[in-house]
Amino acid sequence: MAIQLALFLYIYYGFLVIWALLFLAVIYHMLKFGLKSFATFLLTFIFIAVAILLLNVSYIYLSQVDWSKMIVIWGNFSSPLF
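Residues numbered from 1 in each chain as written. Predicted model: local features only at pLDDT ≥ 70, side-chain atom pairs only at ≥ 80, totals over all residues. Heavy atoms only, no water.

1. What to know about the side chain of threonine 44
By secondary structure assignment, the location of threonine 44 is in helix 2 (residues 38-63). Owing to a relative accessible area of 5%, threonine 44 belongs among the buried residues under this scheme. There is a polar contact of 2.7 Å between the side chain of threonine 44 and the backbone oxygen of threonine 40. Not counting chain neighbours up to four residues away, the residues in contact with threonine 44 comprise Ile27, Met30 and Leu31. (Helix = DSSP H or I, 4+ residues; strand = E, 2+ residues; numbered from the N terminus. Buried < 20%, exposed > 50% of the residue type's maximum accessible area, 1.4 Å probe, protein only. Polar contact = N/O pair within 3.5 Å; in protein donor to acceptor, adjacent residues only side chain to side chain. Contact = heavy atoms within 4.5 Å.)

2. Notes on helix 1 (residues 6-33)
Relative to the 40 Å expected for 28 residues at 1.5 Å per residue, helix 1 spans 40 Å between its end C-alpha atoms, a close match to the ideal helical length. Taken residue by residue, helix 1 has Ala6, Leu9, Phe23 and Ile27 as its buried positions. Those residues of helix 1 that are buried are in contact with strand 1 (2-4) and helix 2. (Expected span 1.5 Å × (residues − 1).)

3. With respect to helix 2
Spanning 26 residues, helix 2 covers 37 Å between terminal C-alpha atoms, matching the ideal 38 Å at 1.5 Å per step. Those residues of helix 2 lying buried are Thr40, Thr44, Ala51 and Ser58. Contact partners of the buried residues in helix 2: helix 1.

4. Some thoughts on a nonpolar patch on the surface
A cluster of nonpolar side chains, namely Phe38, Leu42, Leu43, Phe45, Ile46, Val50 and Leu54, defines an oily patch on the protein surface of about 740 Å² accessible area. Mapped onto the elements, leucine 42 comes out in helix 2. (Patch = residues over 30% accessible without salt bridge, like charges linked within 9 Å, V, L, I, M, F, W, Y side chains within 5 Å. Areas by Shrake-Rupley, 256 points an atom, 1.4 Å probe, with all protein chains shown as cover. Salt bridge = Lys/Arg side-chain N within 4 Å of Asp/Glu carboxyl O.)

5. Brief notes about the packing of aromatic side chains
According to the stated counting rule, one finds five aromatic pairs in the structure shown. Taking the centre distance of 5.2 Å and the plane angle of 20° together, the rings of tryptophan 19 and phenylalanine 23 count as stacked. Pair noted here: tryptophan 19 and phenylalanine 23 are both in helix 1, with a separation of four residues, about one helical turn. Residue classification places tryptophan 19 among the partly exposed residues on the basis of a relative accessible area of 34%. (Phe/Tyr/Trp six-rings, centres within 6.5 Å; stacked < 30°, edge-to-face > 60°.)

6. Observations concerning the environment of phenylalanine 23
Classification of phenylalanine 23 as buried rests on a relative accessible area of 16%. Along the backbone, phenylalanine 23 and phenylalanine 47 are 24 residues apart, and their C-alpha atoms lie at a distance of 9.4 Å. In contact with phenylalanine 23, other than residues within four places in its own chain, are Phe47, Ile48 and Ala51.

7. What to know about the environment of asparagine 56
One can find asparagine 56 in helix 2. Looking at asparagine 56, the relative accessible area reads 43%, which means it is partly exposed.

Given below as structure tokens:
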């Protein structure tokens, strides 16, 4: 059985959509219900900066993969394992 590696990329995109929705909810709650002080805005900025950094690192790693490759699962049962 062979599957294309791009299937995992699409699953990753699905997780990114869920993450983006949760990210927006957290930003909303931080700004709406947090104290209106400099610390709130600083922590919100740090939160956004770390999220952008993680997305950039993720993009760098994912852009190096050839997503057109096939992965063989349970390929050759006729050969012994040892």
